[in-house]
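Summary of the model geometry
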Amino acid sequence: ESYDDNTIYLYTGSQTRTKGSDLPDGFGYSYQRKINGLTGAIIWEKRWICSTGDASASGGIVATPHVGRGQISNLVIYSFSLAAQSNGATATETQNPEEAAEGEAAEAATQGEVLPQTNASGTYTIGGRIVAYDKATGSIMWSIEQSNDYWASPVVVYDAQGKAYLIQCDRGGYVIMYDASSGIMLNSIDIGSRIDSTPAVFNNLLVVGTRGKGGSGKGPQIVCLKIS
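Residues numbered from 1 in each chain as written. Predicted model: local features only at pLDDT ≥ 70, side-chain atom pairs only at ≥ 80, totals over all residues. Heavy atoms only, no water.

Examining the nonpolar core
Residues Ile49, Tyr78, Phe80 and Tyr133 are the most contacted members of the largest nonpolar core, which totals 17 residues. For this core, the element with the most residues is strand E5 (residues 75-84), which contributes five residues. Counting residues in hydrophobic clusters, the runner-up holds 15 residues, among them Val155, Val157, Leu206 and Ile227. (Core = buried A, V, L, I, M, F, W, Y, C linked by side-chain atoms within 4.5 Å. Buried < 20%, exposed > 50% of the residue type's maximum accessible area, 1.4 Å probe, protein only. Helix = DSSP H or I, 4+ residues; strand = E, 2+ residues; numbered from the N terminus.)

Right, dumping it as structure tokens:
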């Protein structure tokens, strides 16, 4: 991240294949880590509850995280699949951590971080999740949740003024553009079937392939979109 002081970092994330001992059946933790690329030391580590899935797929991080530059040089962006949803809830600040719930919930509550919420049956609703972490601290700068989940990696494009735009394809067949600095959605288009691949972008053209499953029912296709 800095040629001057010779710092090299690896940002990585894991899928969820093992049940967490403190979680309902079918759920475990996906870990996101910043690692010193020269020594292997873990700089920070975060985790999120995700479904362990089945033999064909499990939740967590399937995609490559995007390491920001320019306007978002302070951010690293992760996309999750089969992630427990927070339903828009956030933890409240507490002055006494001992009075908070045990474990991860206590730590998150004292930091005011987002927490997943159990539903009426005592388990979790699952879907897609995008999180932008601060590179230096691992703090959540913004997050997005929806019912469609993500296998495609987040792609960021930059305009002539250096403003950053996040393009994220989902397994419901949508290509969605966000303001990469805030997570605010700017536009979306439904191309008709599941997108598992990361789009390729050159100048203002985006090309992506679909699987012909899910979505609104269109067959497999390769689509070129113009970014404007």
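Describing the pairing of strand E3 (residues 42-51)
Here strand E2 (residues 27-36) pairs with E3 via nine bridges, running antiparallel. Looking at the pairing, Phe27 lines up with Ser51 of E3. Adjacent in sequence and paired antiparallel, E2 and E3 are bridged by five residues, among which Gly40 carries a positive phi angle near 85°. (Pairing = 2+ DSSP bridges.)

Re the environment of Ile184
Inspection of the secondary structure assignment puts Ile184 in the loop between strand E10 (174-179) and strand E11 (185-190). The spacing of Ile184 and Ser143 is 41 residues in sequence and 9.7 Å in space, taken between C-alpha atoms. Residues contacting Ile184, with those up to four places away along its chain left out, are Met177, Tyr178 and Asp179. (Contact = heavy atoms within 4.5 Å.)

A word on the sheet that holds strand E8 (residues 155-158)
Read from one edge of the open sheet, four strands run E8-E9-E10-E11, paired in antiparallel fashion. In the strand order of this sheet, the two ends are held by E8 and E11, each with one partner. Pairwise comparison of adjacent strand axes, ignoring direction, gives a mean angle of 20° for this sheet. In this structure, E8 lies alongside strand E9 (residues 164-169), joined through four bridges in antiparallel fashion. The partner of Tyr158 across the bridge, within E9, is Ala164. (Axes fitted to C-alpha atoms, helices over the stretch in contact; angles between N-to-C directions.)

With respect to unusual backbone geometry
Only a minority of non-glycine residues have a phi that is not negative, and only a minority of peptide bonds are not trans. Phi is positive for Leu82, which is not a glycine, with a value near 50°. Along the polypeptide, Leu82 turns up in strand E5. Of note, the phi angle at Asn203 is positive, near 55°, even though the residue is not glycine. Among the structural elements, Asn203 can be located in the loop between strand E12 (200-202) and strand E13 (205-209). Take Asn203: its relative accessible area is 65%, and that puts it in the exposed class.

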